[in-house]
Amino acid sequence: MNTEIEVCIDNLESLHNALSGGANRIELCSSLSLGGLTPSFGMMKQAAKVSSVPVYAMIRPRQGDFIFDDDDMLCMLEDIEACASAGVNGVVLGVLEPNGSIDMPKMQQLADKAHSLKLGITFHRAIDQSSDYQVALEQIITLGCERILTSGLAVNAEQGIDILAAMVKQADSRIDIMAGAGVNATNAKIIQSNTQVPALHLSGKSTRPSLMENNSSAQMGSDDIDDYQIPVTDANKISDVREALIV
């Protein structure tokens, strides 16, 4: 099986690194430290211009849960239109009810908008918070999504192997199951061979020092964030996963 590797990034430096590492697809976000939020229009436009592989943009207006009100929905619909205008290939999204079921009316609205603009759809890890993943999987298929990103309802994909395998069996090639969360060169082959997922998702995250010559004591955000360490994708971590899969 020729396993796809999707790399999630939140800056354009990481896009170049992901491509050089052998990524087959890019998930474009802002704020990966918050689980990924909607990227800016400018970032989407530049990524679409630069990337040699498909780019799917996160549609998530805030951190936290996946329960979105009417204002959030209006924002998400506008952001989907922005994705099409920017030239990306698809969107990544998910909406839940408070009881953990998929909010089908809202998801249908978002899916219809994406389809009308000829954008592909990935249903993201909201499924890992769903109350019944088997029902959710069938609903996601009816929405016309191409794939589901999931850790198998576990803390990471390696711990979710059993449910990932069950998802692949239930999907029966009607939709791709993409394993994500904690994927690396050490466990990629284990996850893929035990689940038969056609795709793996990772960030290959690392950091590099800031180019600033003088460090200031002024803090731009939370105290636990070092403004002089820049989070970037490590191209070697992506290529290492690729090599691990073919061993």
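Quantities reported herein were computed from a predicted structural model and do not represent experimental measurements.

Asker: Can you break down the sheet that holds strand 1 (residues 4–9) residue by residue, with the values?
Answerer: Strand order in the closed barrel formed by 8 strands is 1-2-3-4-5-6-7-8, and the pairing between neighbours is parallel. Mean inter-strand twist for the sheet, computed between neighbouring axes without regard to direction, equals 25°. Bridge count for strand 1 against strand 8 (residues 199–202) is 4 bridges, and the pairing is parallel. Looking at the pairing, Glu4 lines up with Ala199 of strand 8.

Asker: Break down helix 7 (residues 188–195) for me, citing the residues and quoting the values.
Answerer: Within the span of helix 7, buried status applies to Ala188, Ile191, Gln192 and Thr195. For helix 7, the angular spread of the buried residues around the axis is 90°, confining them to a single face. In this fold, the buried residues of helix 7 make contact with helix 6 (161–171), strand 7 (176–180), strand 8 and helix 8 (235–246). The first or second residue beyond helix 7 is Gln196, which carries a positive phi of 65°.

Asker: How would you summarise the nonpolar core if you had to cite specific residues and measurements?
Answerer: In this structure, Ile26, Val91, Leu110, Phe123, Ile175 and Ile177 are the most contacted members of the largest nonpolar core, which totals 65 residues. Ranked by the residues each element gives to this core, the list is headed by helix 3 (residues 70–86), at 7 residues. If we ignore the near neighbours within four places in the chain, the residues touching Ile26 are Glu6, Val7, Ile9, Leu15, Ala18, Ser51, Val53, Pro54, Val55 and Tyr56.

Asker: With reference to specific residues and values, describe the pairing of strand 4 (residues 90–93).
Answerer: Burial along strand 4 is two-sided: the face carrying Gly90 and Val92 and the face carrying Val91 and Leu93 are both buried. Strand direction decides the pairing type here: strand 3 (residues 55–58) and strand 4, joined by 3 bridges, are parallel. In the sheet register, Met58 faces strand 4, and the bridge partner there is Val92. Note on the crossover from strand 3 through helix 3 to strand 4: the handedness is right-handed. Sheet topology places strand 4 next to strand 5 (residues 120–123); 4 bridges connect them, and they run parallel. When the sheet's bridge partners are listed, Val92 is paired in strand 5 with Thr122. In the classification by handedness, the crossover that spans strand 4, the intervening helix 4 (residues 104–116) and the parallel strand 5 is right-handed.

Asker: Please set out the pairing of strand 3 residue by residue, giving values where relevant.
Answerer: Neither face of strand 3 is left uncovered, since the one carrying Val55 and Ala57 and the one carrying Tyr56 and Met58 both have all their residues buried. Relative to strand 3, strand 2 (residues 25–28) is paired through 3 bridges, and the arrangement is parallel. Along strand 3, the bridge assignment pairs Ile26 with Val55. Crossover connection from strand 2 via helix 2 (residues 41–50) to parallel strand 3: handedness right-handed.

What counts, and at which threshold
- Residues numbered from 1 in each chain as written.
- Predicted model: local features only at pLDDT ≥ 70, side-chain atom pairs only at ≥ 80, totals over all residues.
- Heavy atoms only, no water.
- Pairing = 2+ DSSP bridges.
- Helix = DSSP H or I, 4+ residues; strand = E, 2+ residues; numbered from the N terminus.
- Axes fitted to C-alpha atoms, helices over the stretch in contact; angles between N-to-C directions.
- Buried < 20%, exposed > 50% of the residue type's maximum accessible area, 1.4 Å probe, protein only.
- Arc of directions from axis to C-beta.
- Contact = heavy atoms within 4.5 Å.
- Core = buried A, V, L, I, M, F, W, Y, C linked by side-chain atoms within 4.5 Å.
- Right-handed = clockwise from strand over helix to strand, strands pointing away.

So, to be careful, I would describe these as geometric facts and stop short of saying anything about function.
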